[in-house]
Structures are given as structure tokens and as C-alpha cells.
Amino acid sequence: MHIKVDDTVEIITGGDAAGNLRGKVLKVFPDNGKILVEGAAKVYKHVKPSQRNPKGGKLSKEMPIDISNVMLVCTECKQRTKTGAKIKEDGSKVRYCKSCGAEIGSLSPAK
């Protein structure tokens, strides 16, 4: 997957796409192809009163969204971008921004 935890992404389709919502990736589900983005796809879960939550009520939580509905935001140019992978001289593999060419993060360590 080209998106990792703690990356900043922008939602491009779906209900949260109208405001160009950007958020941090909280969790990645590679087997489902979904990610959990901070502040996106919020739903209310109704809970009964319990010892932990004596009043009960509605809890707001984020739901996973498909990875195809988001684009990675480059750390250098602050634009949403496509990513590529290249191998450096030491054998490590890194992600890079296809717009400005800046390295975004490593994919595998040096060999």
C-alpha cells in the first residue's frame, strides 16, 4: 500500500470530499484496502448505560474508508500527489512525490 500510518491524506470522493477534508491516517487495514482517517466518515454509535458510561447516549467515531477515495499530501509542496517508488544507491526503497520529486518516506531499509 502506498499510504502509511501518520501520513496526511486528502479525501477526493465520498461525503467528506466537498470540503477538501485533510486528515492524518490513524490506522491501515491492508487486507480490506481501507484506512481510518482522523475526522472523516464520522458516525454515531448509540450506547446503553454501563459502568464505564453511566449516562449512555451517542458516541461519535470514525469509520474506515476505501484507500481509493484518498490521495496522499506531499510534505514539501503541500499538494495532493501521486507517489512513486525508487531504489537509492544503498539499496533502500523510498516513496517520492511525482509532482516535485521530494522523498516522502522509506518503504524498505538498506540492504
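The structure under discussion appears in the preceding block.
Note that this is a predicted model, so its numbers are computed, not measured. (Residues numbered from 1 in each chain as written. Predicted model: local features only at pLDDT ≥ 70, side-chain atom pairs only at ≥ 80, totals over all residues. Heavy atoms only, no water.)

Student: Just to check I follow, could you spell out the state of the cysteines for this structure?
Tutor: Note on terminology: disulfide describes a covalent bond linking the sulfur atoms of two cysteines. Here the structure, examined in full by the defined rule, presents zero disulfides. No disulfide involves cysteine 74; its sulfur sits 3.6 Å from that of cysteine 77, the nearest cysteine. With no disulfide of its own, cysteine 100 has cysteine 97 as its nearest cysteine by sulfur position, at a separation of 3.6 Å. By relative accessible area, cysteine 100 is classed as partly exposed at 39%. (Disulfide = S-S within 2.5 Å. Buried < 20%, exposed > 50% of the residue type's maximum accessible area, 1.4 Å probe, protein only.)

Student: Could you clarify how one ought to interpret the packing of aromatic side chains in this entry?
Tutor: For any pair of aromatic rings, geometry is given as the distance between the ring centres together with the angle between the planes. The full count for this structure, using the stated rule, is zero aromatic pairs. Across the ring face of tyrosine 44, the terminal group of lysine 58 is positioned such that the distance to the ring centre comes to 4.7 Å. Over the aromatic face of tyrosine 96 sits the side chain of lysine 86, whose NZ or CZ is 5.0 Å from the ring centroid. (Phe/Tyr/Trp six-rings, centres within 6.5 Å; stacked < 30°, edge-to-face > 60°. Lys NZ or Arg CZ within 6 Å of the ring centre and 35° of its normal.)

Student: I would appreciate a short explanation of the sheet that holds strand β6 (residues 65-66) in the present structure.
Tutor: Backbone hydrogen bonds are what pair the strands of a sheet, in a parallel or an antiparallel way. Spatial strand order, β6-β3-β2-β1-β7-β8: six strands in an open sheet with antiparallel pairing. Every interior strand has two partners, whereas the edge strands, β6 and β8 (80-81), have only one. As paired strands, strand β2 (residues 22-29) and strand β3 (residues 34-37) are joined by four bridges and run antiparallel to one another. The residue bridging lysine 27 from the neighbouring strand is leucine 36, located in β3. (Pairing = 2+ DSSP bridges. Helix = DSSP H or I, 4+ residues; strand = E, 2+ residues; numbered from the N terminus.)

Student: How should the sheet that holds strand β11 (residues 103-108) be read in this particular structure?
Tutor: With respect to topology, three strands assemble into an open sheet ordered β9-β10-β11, the strand pairing being antiparallel. The open sheet has two edge strands with one neighbour each: β9 (83-87) and β11. Direction aside, the axes of adjacent strands within the sheet are offset by 30° on average. Note: β9 against strand β10 (residues 93-97), five bridges, orientation antiparallel. Across the sheet, threonine 83 pairs through a bridge with cysteine 97, a residue of β10. (Axes fitted to C-alpha atoms, helices over the stretch in contact; angles between N-to-C directions.)

Student: What is the right way to read the pattern of salt bridges from this model?
Tutor: A pair can form between side chains of opposite charge whenever their charged atoms are brought close. The final tally for this structure, using the stated rule, is six salt bridges. A salt bridge links arginine 95 to aspartate 7, with the shortest nitrogen-to-oxygen separation between them at 2.9 Å. Pair noted here: arginine 95 is in strand β10 and aspartate 7 is in the segment before β1 (8-11), with a separation of 88 residues, a long-range link. Each of Glu10, Arg22 and Arg80 takes part in one network of salt bridges that share partners. (Salt bridge = Lys/Arg side-chain N within 4 Å of Asp/Glu carboxyl O.)

Student: Honestly, the nonpolar core in this entry has me stumped. Any pointers?
Tutor: Nonpolar side chains in soluble globular proteins tend to be buried together. The biggest cluster of nonpolar side chains holds 17 residues, and the ones touching the most others in it are Val9, Ile35 and Val70. If you list the elements that add at least two residues to this core, you get β1, β2, β3 and β7 (70-73). Setting aside residues up to four positions removed in sequence, valine 9 forms contacts with Ile3, Leu21, Arg22, Gly23, Val25, Val37, Val70, Met71, Leu72 and Val73. (Core = buried A, V, L, I, M, F, W, Y, C linked by side-chain atoms within 4.5 Å. Contact = heavy atoms within 4.5 Å.)

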